[in-house]
Amino acid sequence: MPLRLTVLGTGYLGTAQAACLASLGFEVLGVDTDPGRIDALNGGTVPFHEPDLQPLLRSGLRAGRLRFTTNYARAAAFGDVHFICVGTPQQRDSNRADLSQLNGCVATLAPLLADRECLVVGKCTVPVGTAGLLSERLSLLAPGIELAWCPEFLREGHAVSDTLRPDRIVVGLQSSQSSQSSQSSRSSQSSRAGQAEAILREVHAEQIAAGAPFLVTDLATAELVKVAANAFLATKISFINAMAEVCEAAHGDVHLLAQALGHDPRIGPAGLRPGLGFGGGCLPKDIRAFMARADELGVDQALSFLREVDAINMRRRARMVDLARELVGGGFDGAKVGVLGVAFKPDSDDIRDSPALDVAKTIHDLGAAVTVYDPVAMPQARKAHPELGYAESAVDAVRDADVVLLLTEWAEFRDADPERLGMVTAKRNIVDGRNALDPARWRAASWHYRALGRP
Ligand SMILES: NC(=O)c1ccc[n+]([C@@H]2O[C@H](COP(=O)([O-])OP(=O)(O)OC[C@H]3O[C@@H](n4cnc5c(N)ncnc54)[C@H](O)[C@@H]3O)[C@@H](O)[C@H]2O)c1
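Counting of residues starts from 1 at the beginning of each chain's written sequence and follows it residue by residue. Reporting in this predicted model follows two pLDDT cut-offs: at least 70 for local features of residues, and 80 or more for side-chain atom pairs to be given and counted; totals over whole chains, interfaces and linings ignore these cut-offs and use all residues. Note: side-chain values were computed over all heavy atoms of the structure, leaving out hydrogens and water.

Asks: Could you clarify how one ought to interpret the site of the ligand in this entry?
Replies: Proximity criterion: a residue is near a molecule or strand once any of its heavy atoms comes within 4 Å of it. Near the ligand you find 25 residues, and of these L13, D32, Y72, T88 and K285 are the closest. In protein, a polar contact means a hydrogen-donor-capable atom and an acceptor-capable atom, both N or O and within 3.5 Å, with residues adjacent in sequence counting only if both atoms are side-chain atoms; elsewhere, any N or O pair within 3.5 Å suffices. Contacts to the ligand include Y12, whose backbone N or O atom sits 3.1 Å from an oxygen atom. At 2.6 Å, a side-chain N or O of K285 approaches an oxygen atom of the ligand. Per-residue and other accessible areas were derived by the Shrake-Rupley procedure at a 1.4 Å probe size, with only the shown protein chains allowed to occlude residues. Taking 830 Å² as the accessible area of the ligand by itself, protein coverage stands at 89%. Only DSSP runs of H or I reaching four residues or more are called helices, and only runs of E reaching two or more are called strands; each is numbered from the N terminus. Taken together, the elements giving at least two residues each to the shell around the ligand come down to α1 (12-23) and α5 (100-112). The residue inventory of the shell around the ligand, partitioned by class, reads 10 nonpolar, eight polar and seven charged. Under the grouping applied here, Gly and all other residues not named as nonpolar or charged are polar, the nonpolar ones being Ala, Val, Leu, Ile, Met, Phe, Trp, Tyr, Cys and Pro and the charged ones Asp, Glu, Lys and Arg.

Asks: Even after reading the chapter, I still don't get the pairing of strand β9 (residues 336-340), so can you show me in this structure?
Replies: Residues in a regular strand point their side chains to alternate faces of the sheet. To sort residues, take the accessible area from a 1.4 Å probe on protein chains only and compare it with the maximum for the residue type: under 20% means buried, over 50% means exposed, and anything in between is partly exposed. Across the five residues of β9, four count as buried, placing the element largely inside the fold. Here, any two strands with at least 2 DSSP bridges between them count as paired. Pairing analysis gives five bridges linking β9 to strand β10 (residues 369-373), with the strands arranged parallel. Each bridged residue has a counterpart across the sheet, and for V339 the counterpart in β10 is V372.

Asks: For this particular structure, what's the right way to read the packing of aromatic side chains?
Replies: Two aromatic rings, taken as a pair, are described by how far apart their centres are and by the angle between their planes. The criterion for an aromatic pair is that two Phe, Tyr or Trp rings (for Trp, the six-membered ring) have centres within 6.5 Å, with stacked assigned to planes under 30 degrees apart, edge-to-face to planes over 60 apart and tilted to the rest. Per the stated rule, a full pass over the model turns up three aromatic pairs. Between Y12 and F48 the ring centres are 4.4 Å apart and the planes differ by 40 degrees, which places this aromatic pair in the tilted class. In this pair, Y12 sits in helix α1 while F48 sits in the loop between α2 (35-42) and α3 (53-62), placing the two residues 36 residues apart along the sequence. Residues W442 and W447 carry aromatic rings whose centres are separated by 5.1 Å and whose planes lie at 70 degrees to one another, so their mutual orientation is edge-to-face. W447 matches W442 in its accessibility class, with the two residues each being buried.

Asks: I'm lost on the state of the cysteines in this one. Help?
Replies: Between two cysteines, a covalent bond joining their sulfur atoms is known as a disulfide. Note on terminology: pairs of cysteine sulfur atoms within 2.5 Å are recorded as disulfides. What the rule picks out here adds up to zero disulfides. Here C105 stays unpaired: no disulfide links it, and the sulfur of C124, its closest cysteine neighbor, is 7.5 Å away. Note on C105: relative accessible area 3%, which makes it buried.

Asks: Mind showing me how you'd approach α1 here?
Replies: At 3.6 residues per turn, the α-helix brings residues three or four places apart onto the same side. Look at α1: 17 Å from first C-alpha to last across 12 residues, which is about the 16 Å you get at 1.5 Å a residue. Counting buried residues in α1 gives 11 out of 12 residues, a clear majority hidden from the surface. Looking at α1, one finds that the buried residues are Y12, L13, G14, T15, A16, Q17, A18, A19, C20, L21 and A22. Following α1 by one or two positions, G25 has its phi on the positive side, about 105 degrees. One less than the number of residues in a helix, times 1.5 Å, gives the span that helix is expected to have.

Asks: Got a minute to help me understand the environment of L283 in this structure?
Replies: As for its position among the elements, L283 is in helix α12 (residues 283-296). The class for L283 is buried, based on a relative accessible area of 14%. In this structure the C-alpha to C-alpha distance between L283 and A229, which are 54 residues apart in sequence, comes to 9.6 Å. Residue contacts follow a heavy-atom distance rule, with two residues in contact if any of their heavy atoms lie within 4.5 Å. L283 has contacts with N230, L233, A234, I237 and F278, leaving out every residue within four places of it along the chain.

Asks: Any chance you could explain the side chain of T130 here in plain terms?
Replies: Within the fold, T130 resides in helix α6 (residues 130-141). Taking relative accessible area as the criterion, T130 reaches 8% and is therefore assigned buried. At a separation of 2.6 Å, a polar atom in the side chain of T130 contacts the main-chain carbonyl oxygen of P127. Excluding residues that lie within four positions of it along the chain, T130 makes contacts with L99, L102 and E223.

Asks: What is the right way to read unusual backbone geometry from this model?
Replies: One non-glycine residue, D347, adopts positive backbone phi at about 65 degrees. Residue placement: D347 occurs in the loop between β9 and α14 (355-365). Overall, D347 belongs to the partly exposed group, its relative accessible area being 33%. We note that D353 has phi near 45 degrees; this positive angle belongs to a residue other than glycine. With respect to the helices, strands and loops of the structure, D353 is situated in the loop between β9 and α14.

Asks: How should the pattern of salt bridges be read in this particular structure?
Replies: What counts as a salt bridge is simple: a side-chain nitrogen of Lys or Arg found within 4 Å of a carboxyl oxygen of Asp or Glu. Considering all chains together, one arrives at 28 salt bridges under this definition. R155 serves as the salt-bridge partner of D162, at 2.8 Å between the closest nitrogen and oxygen. Residue classification places D162 among the buried positions, given a relative accessible area of 13%. For the salt bridge of E419 with R428, the shortest nitrogen-to-oxygen distance reads 3.3 Å. Of the residues examined, E419 reaches a relative accessible area of 39% and is grouped as partly exposed. For R428, a relative accessible area of 23% translates into the label partly exposed.

Asks: Please clarify how the nonpolar core should be interpreted in this entry.
Replies: Inside soluble globular proteins, nonpolar side chains tend to come together where they are buried. What is meant by a nonpolar core is a set of buried Ala, Val, Leu, Ile, Met, Phe, Trp, Tyr and Cys residues, joined one to another through side-chain atoms within 4.5 Å. Ranked by internal contacts, the top residues of the largest apolar core, which has 55 residues, are V337, L340, I363, V370 and L405. The residues touching V370, leaving out its near neighbours within four places in the chain, are V337, V339, A360, I363, H364, L388 and G389.

Asks: Looking at this structure, how should I read the pairing of strand β6 (residues 145-149)?
Replies: Among the five residues that make up β6, five are buried, leaving the element largely enclosed by the rest of the structure. Residues I145, L147 and W149 of β6 are buried on one face, and the alternating residues E146 and A148, pointing to the opposite face, are buried as well. For strand β5 (residues 118-122) and β6, the ladder comprises five bridges, and the chain directions are parallel. Considered in β6, the bridge of C118 is made with I145. By convention, a crossover is right-handed whenever its connection, traced from the first strand over the helix to the second and viewed with the strands pointing away, goes clockwise. Handedness of the crossover joining β5 and β6 through α6: right-handed. Note: β6 against strand β7 (residues 169-173), two bridges, orientation antiparallel. Bridging across to β7, A148 finds its partner in L173.

Asks: Where do I start with the packing of helix α10 (residues 219-250) against helix α13 (residues 304-327) in this structure?
Replies: How two helices pack is summed up by the angle between their axes together with the distance between the axes. Between α10 and α13, the shortest axis-to-axis distance is 9 Å and the interhelical angle comes to 50 degrees. Viewed along their axes, α10 and α13 adopt a mutual orientation that is oblique. As α10 packs across α13, the resulting crossing turns out to be left-handed. Across the interface between the two elements, A231, A234, T235, S238, N241, A242, A244, E245 and E248 of α10 pack against F305, L306, V309, I312, N313, R315, R316 and R319 of α13. Taken together, the residues of the contact of α10 with α13 sort by class into eight nonpolar, four polar and five charged. In this analysis, axes come from line fits to C-alpha atoms, helices being fitted only over the stretch in contact, and the angle between any two N-to-C directions falls in the range 0 to 180 degrees. Any angle that is under 35 degrees is reported as roughly parallel, and any over 145 degrees as roughly antiparallel; angles of 65 to 115 degrees are reported as roughly perpendicular and all others as oblique. Note: crossing handedness is left-handed where the near helix turns anticlockwise from the far helix by less than a right angle, and right-handed where it turns clockwise.

Have a look at this one:
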């Protein structure tokens with residue numbers, strides 16, 4: 001009998017989890033508090049853009065292995081394992097993580113599991129120590145529940161392949177080391193942790209067989225792996241963007257610098273693409289929450305460099321605005337700006353903390369008429385920023401523009417024909433915010449080409 005799994009929270013992470021787990025042969029019930037989202041998913045529609053996810057969702061529904069509900073009681077009765085995938089955004093008024101979705105989910109689920117033995121697996125990104133506190137709370141509400149923490153490393157735009165073929169599986173289990181506990185409670189804890197590990201090995205059997213490393217840690221280390229990974233990635237991106245700042249002052253070329261650095265096997269080329277910096281629903285909020293948690297733990301100095309990582313990242317947005325202003329003659333009043341891309345990255349419609357949208361809005365606020373186009377993120381952007389102009393195509397976005405800004409490196413924009421776009425713009429000025437275009441090609445078509453960190 002295959003394991004029955006629930007996935008609580010069907011956003012970017014949870015929907016990919018649910019559809020992928022069903023494709024691996026498990027019976028899966030997805031749960032969300034948003035009835036509109038649940039109706040869409042039951043009707044075979046993914047309510048956001050993620051390549052390859054919709055066909056997987058539909059085949060799970062057709063096979064009868066995948067369903068969605070808002071009903072927690074149904075989920076509690078159904079699942080042998082409950083994966084928690086709710087959001088952990090940044091608090092509105094601080095750098096800390098907002099754990100209200102997580103706490104709400106556990107408060108609803110736990111009493112319904114009071115008489116059952118089952119495994120609850122946290123997949124959200126949380127401040128270190130959260131899982132330990134949840135586990136204490138769960139042991140009071142539902143003593144038969146075992147808690148594990150398995151952080152998720154998927155990248156939006158690659159969610160299906162990353163979930164089906166993870167580069168590692170990290171499993172945080174409750175430790176039986178506490179000196180407070182008796183010998184018998186330590187051995188019962190250790191056997192429950194052993195069962196949890198066996199269940200998670202079963203869930204991930206295919207990926208393990210395909211060679212994915214399966215790393216077992218304590219709860220705190222598992223929580224830390226995720227935020228440490230994001231801190232490292234953010235640092236690498238801001239490092240090359242700091243080099244871009246230096247190149248701008250010293251008339252160097254950060255694109256060539258990055259290529260040359262990347263050949264060093266100790267450094268590697270991944271993540272060394274200079275540009276407008278990181279955004280989205282993870283990296284910015286995760287490094288801020290990590291700093292806030294380090295502060296609470298009394299080790300704020302250990303992560304003080306992340307403040308600079310964040311500041312470098314935000315300065316790239318300001319630099320992009322400055323370059324655009326230079327190209328329209330020093331002021332935005334009366335200028336027309338065509339913006340290509342508003343999603344925080346290509347192959348996603350996620351606009352959470354999108355550098356592209358931030359730049360577009362800033363330039364609009366400074367007096368320019370800004371028209372944007374994105375292959376998939378238009379509805380989200382229009383809802384968040386109705387004050388911007390919205391075009392039906394890249395050509396329409398840049399029509400009559402004094403300057404064109406490439407802010408999200410969709411393939412459609414990377415491959416754009418400079419001649420064709422140049423026929424509709426007022427002037428042939430472009431700022432390549434992602435170092436995604438071939439400067440020689442654009443200059444050959446008489447464009448004044450500028451990019452972050454390049455002459
Ligand atoms: N998006 C990513 O690429 C990614 C990658 C790795 C890890 N993560 C982490 O995964 C978690 C989820 O991120 P996301 O981007 O999918 O968030 P999201 O905002 O897209 O989705 C959260 C979902 O949870 C639902 N929800 C809220 N409260 C609920 C409750 N009590 N019960 C059931 N559902 C509830 C919301 O309606 C929403 O559909 C976060 O901790 C995030 O940091 C995200």
